[in-house]
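Coordinate inspection notes
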Amino acid sequence: MMKDWYDFLVIGSGIAGLSYSLIVAEKGPVAIITKKQESESNTNYAQGGIASVMSPVDSFEDHLNDTLSAGAGLCHQDVAEKIIKSGPSAIDRLIEIGVNFTRMEADQFSLGREGGHSHKRVLHAADLTGREIERALLAACHAHPNITIFANRIAVDLISHRYQGEITCGGAFIFNPRNRRKHQIKSAITMIAAGGAGQLYRHTTNPRIATGDGIAMAYRAGAKVANLEFMQFHPTTLSLVGKKTFLISEAVRGEGGVLCHSDGTQFMEKYHAMKDLAPRDVVARAIDTELKRSGKDSVYLDLRKMPADKIKTRFPNIYIHCLEAGIDITGDLVPVVPAAHYICGGVMTDVCGRSNVKRLYVCGESACTGMHGANRLASNSLLEAVVTAEFAAGRSIEEFEASNPPPLPSIEFPHSGDGNLPRERVIMSYNRRELKRLMWDCVGIVRSKYRLEEAVDRIELIRQSVQRYYESHSLSYTGIELRNMASLAGLIIKAAMIRTESRGLHFIVDYPDTDDVNWKKETILERKENRL
Ligand code: FAD
Ligand code: SIN
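This section reports on the structure supplied with the text. Note that the structure is a prediction, hence the values are computed from the model and not measured.

A count of helices and strands for the protein chain gives 15 helices and 23 strands. Over its C-alpha trace the protein chain gives a radius of gyration of 22 Å, about what one expects of a compact globule, namely 24 Å for 532 residues. Seen along its three principal axes, the alpha-carbon backbone of the protein chain occupies a region of about 65 × 55 × 50 Å. Sorting the 532 residues of the protein chain into buried and exposed places 61% on the buried side. For the protein chain, the proportion of contacts with a sequence separation of at least 24, taken over those separated by at least 6, is 74%. Of the roughly 20900 Å² of accessible surface on the protein chain, a fraction of 49% belongs to carbon and sulfur atoms.

Written out as structure tokens, the structure reads:
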């Protein structure tokens, strides 16, 4: 049964939320709220793996340099360095918890290579790394007597109040869509680990849960958000009419796969010295340019030089998925296009996940620690999430033990439109479709001032329509998500308009150059009219 009070409230059951919970649970009861089945998360779909320096020919310095170079001048070097140096111990911890990474020998991991990496340094569990990590973490959380996971509950808003002049978080408002019950969970410490926002785009690698709820909720509560314009597009997702988007891991190129046109002509040498293993922003933009030039629907991945047996053992999931879709990747060219994949921006935090809102921590894809700058290096996301979750747990415990949370004023559930059961649901599905299309067409891989200006007007109409519906109908899962999507889309467009230069993942034709004099800094947004 759900109680009204937990020492630690965690929103999200991906790698960040589960890793954090396992540590803070040593100090007190933890409630994990997760909006679908407990394993449904971006984590669960991660393929390539987790980057860490594990080989004697690799070094922290090289990993750091690769991270900074992909990040295009905006990484916080101190943050990236701390996270990278903590990689090996975080891997040990995951192994202790029960994660089985693929090994070549009993004492030697199989290390993959991905775009932007100068060495093989990506630990993986074949091509289902995320599923293996999620499985092990969930098993450990279930075994812990202090952790309760509440699946199919969606966090609506944070409980925030002003105490001694500072905005303070005291828990969250929760909705159970199955029985339509509303709850308030109060807590000494609240952790947002609610993942990313790929669902804001028409084509995405992300599952349905990735609607940016954590970032939108934190922003409404008064948290600063940063670098939202840096949406990463993964270069290679399977492109077949009528089929769901499916990621073809960058590790495939790391093992020798190359991009080409239908006649086999390769093109990456025109764009970067690292060719097919260039950083992701370069490869996605190159594909976009090639598609615009050729007028075709996709480019192709050519794996034909790789031995079929190797493909089947190294990428069993990708092999089977493609085969079921009618493509034998050991002999056929694989049609691929880019899709929205990872939001580099998020709630501004330090390396310990602390936001500017007291007692509110944010980790994983919802956070912007400064690690990724303007473009995340492949497989650095799982690394950042697991390491910062550990740091955040340490800081949370210190804060928890140092003082009692301030008394909470009585706060009503912030939604009152209970009279009207959702009837005109078509408005919501229409708005969701429009929003995703708008973001894809106007705020995509290559942007222009004209399209962004158009997007400002259109997203405001969508936002107003969503808000009107949200306020006048009873609470619904769809309404909660769409309100967050509209709010975050507006913020992404705003950030993209503000940055009048091109850098990393933000490429705008009107300002094609990088402007280090004026723009070597973060784009920070903060809610002006504060509801507190
Ligand atoms: P998630 O794992 O997404 O978890 C978020 C959780 O929050 C979910 O449980 C969700 O249901 C819950 N939630 C969201 N909103 C609410 C709400 N309102 N109320 C309650 N619960 C909520 N990164 C790498 O480093 N290496 C890879 O190989 C890699 N491959 C990837 C492949 C794919 C297909 C995708 C989509 C991503 C990949 N990434 C990879 C990125 C990486 O998986 C994610 O960035 C990372 O897993 C995010 O972890 P997280 O814990 O922050 O969020
Ligand atoms: C992939 O396997 O290509 C995804 C890796 C990542 O997003 O870091």
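From this point, the narrative continues.
Turning next to the site of ligand 1. In the vicinity of ligand 1 there are 38 residues, among which Thr-43, Gly-49, Asp-213, Glu-365 and Ser-381 approach most closely. Thr-43 is positioned such that a nitrogen or oxygen atom in its side chain is 2.5 Å from an oxygen atom of ligand 1. In the model, an oxygen atom of ligand 1 is placed 2.6 Å from a nitrogen or oxygen of the Glu-365 side chain. Surface burial for ligand 1 is 98%, taken as the share of its 1000 Å² of free accessible area covered by protein chains. Elements with a contribution of two residues or more to the shell around ligand 1: helix H1 (15–24), strand S9 (154–163), strand S17 (334–343) and helix H11 (380–402). Of all the elements, H11 adds the most residues to the shell around ligand 1, at three residues. Class assignment of the residues belonging to the shell around ligand 1 gives a composition of 14 nonpolar, 18 polar and six charged.

Among the secondary structure elements, Gln-184 is positioned in strand S11 (residues 181–192). The sequence separation of Gln-184 and Ala-80 amounts to 104 residues, and the corresponding C-alpha distance is 36 Å. When sequence neighbours within four positions are dropped, the list of residues in contact with Gln-184 reads Asp-4, Ile-159, Ala-172, Phe-173, Ile-411, Glu-412 and Phe-413. Within the local environment of Gln-184, its side chain forms a polar contact with the backbone oxygen of Ile-411, the two atoms lying 2.7 Å apart.

This part takes up the site of ligand 2. Around ligand 2, the surrounding shell consists of Gln-47, Gly-48, Glu-114, His-234, Leu-247, Ser-249, Glu-250, Arg-280, His-341, Arg-376, Ala-378 and Ser-379. Contacts to ligand 2 include His-234, whose side-chain N or O atom sits 2.7 Å from an oxygen atom. Within the side chain of Arg-280, one N or O atom sits 3.0 Å away from an oxygen atom of ligand 2. Protein coverage of the free-state accessible area of ligand 2, which is 260 Å², stands at 93%. Of the residues in the shell around ligand 2, the class split is two nonpolar, six polar and four charged.

Moving on to the sheet that holds S17. Judged by pairing direction, the sheet is antiparallel, and its five strands sit side by side in the order S14-S13-S17-S16-S15 without closing on themselves. Edge positions in the open sheet fall to strand S14 (246–247) and strand S15 (258–260), since each of these has one partner strand only. The sheet contact formed by strand S13 (residues 231–238) and S14 spans two bridges and is antiparallel. Considered in S14, the bridge of Leu-238 is made with Phe-246.

Before going further, it helps to spend a moment on the sheet that holds strand S6 (residues 111–112). Where strands meet in a sheet, backbone hydrogen bonds hold them as pairs that are either parallel or antiparallel. Taken in spatial order, the three strands of this open sheet run S3-S7-S6, and their pairing is antiparallel. Both outer strands of the open sheet, strand S3 (50–51) and S6, are each paired with one neighbouring strand and no more. Bridging between S6 and strand S7 (residues 122–123) involves two bridges; their strand directions are antiparallel. By the bridge assignment for S7, Leu-111 is matched with Leu-123.

Formed by 63 residues in total, the largest nonpolar core has its most connected members in Leu-158, Leu-200, Tyr-201, Leu-228, Leu-435, Val-443 and Ile-492. Here this core takes 10 residues from helix H14 (residues 477–498), the largest share from any one element. Leaving out residues up to four positions away in the same chain, Tyr-201 has contacts with Met-231, Phe-233, Ala-340, Lys-436, Met-439, Trp-440, Val-443, Gly-444, Arg-447 and Ile-492.

The subject of this paragraph is helix H2 (residues 60–70). Buried within H2 we find His-63, Leu-64, Asp-66, Thr-67 and Ala-70. Along the axis of H2, the buried positions cluster into a sector of 160°, meaning they face one direction only. Residues of H2 that are exposed and angled more than 90 degrees away from the buried face: Glu-61 and Ser-69. Each element contacted by the buried residues of H2 is listed here: S3, helix H3 (77–85) and H11. Phi turns positive, to about 55°, at Ala-72, one or two residues after H2.

Bringing empty space enclosed by the protein into the picture now. Evaluated as defined, the whole model comprises three cavities of 30 Å³ or more. As a volume, the largest cavity reaches approximately 60 Å³. What lines the largest cavity is Ser-19, Ile-23, Ala-90, Arg-93, Leu-94, Ile-97, Leu-137, Val-386 and Glu-390. Counting only elements with at least two residues in the lining of the largest cavity, the list comes to H1, helix H4 (87–97) and H11. Considering each element in turn, the lining of the largest cavity owes the most residues, four residues, to H4.

Attention now goes to the pairing of S13. The element S13 is extensively covered by neighbouring structure, given that eight of its eight residues are classed as buried. Pairing geometry for S13 and S17, over six bridges, is antiparallel. Residue pairing for S17: Phe-233 is matched across the bridge by Ala-340.

If you walk through the whole model with that rule in mind, you get 30 salt bridges. Between Glu-255 and Lys-310 there is a salt bridge, with its nearest N and O atoms 2.8 Å apart. One end of the pair, Glu-255, is in the loop between helix H7 (251–254) and S15; the other, Lys-310, is in helix H9 (residues 308–314), and 55 residues separate them in sequence. Note that Glu-501 is salt-bridged to Arg-499, the shortest N-O span being 2.7 Å. For Arg-499, a relative accessible area of 0% translates into the label buried.

Cut-offs used in this document
- Residues numbered from 1 in each chain as written.
- Chains lettered and ligands numbered in written order.
- Predicted model: local features only at pLDDT ≥ 70, side-chain atom pairs only at ≥ 80, totals over all residues.
- Heavy atoms only, no water.
- Helix = DSSP H or I, 4+ residues; strand = E, 2+ residues; numbered from the N terminus.
- Rg over C-alpha atoms; globule rule 2.2 N^0.38 Å.
- Buried < 20%, exposed > 50% of the residue type's maximum accessible area, 1.4 Å probe, protein only.
- Contact = heavy atoms within 4.5 Å.
- Areas by Shrake-Rupley, 256 points an atom, 1.4 Å probe, with all protein chains shown as cover.
- Near = heavy atom within 4 Å.
- Polar contact = N/O pair within 3.5 Å; in protein donor to acceptor, adjacent residues only side chain to side chain.
- Nonpolar A, V, L, I, M, F, W, Y, C, P; charged D, E, K, R; others polar.
- Pairing = 2+ DSSP bridges.
- Core = buried A, V, L, I, M, F, W, Y, C linked by side-chain atoms within 4.5 Å.
- Arc of directions from axis to C-beta.
- 1 Å grid on protein atoms, 1.4 Å probe; cavity = no way out; pocket = protein on both sides within 12 Å on 5 of 7 lines; lining within 4 Å.
- Points joined across faces, edges and corners; volume = space filled by probe spheres on them.
- Salt bridge = Lys/Arg side-chain N within 4 Å of Asp/Glu carboxyl O.

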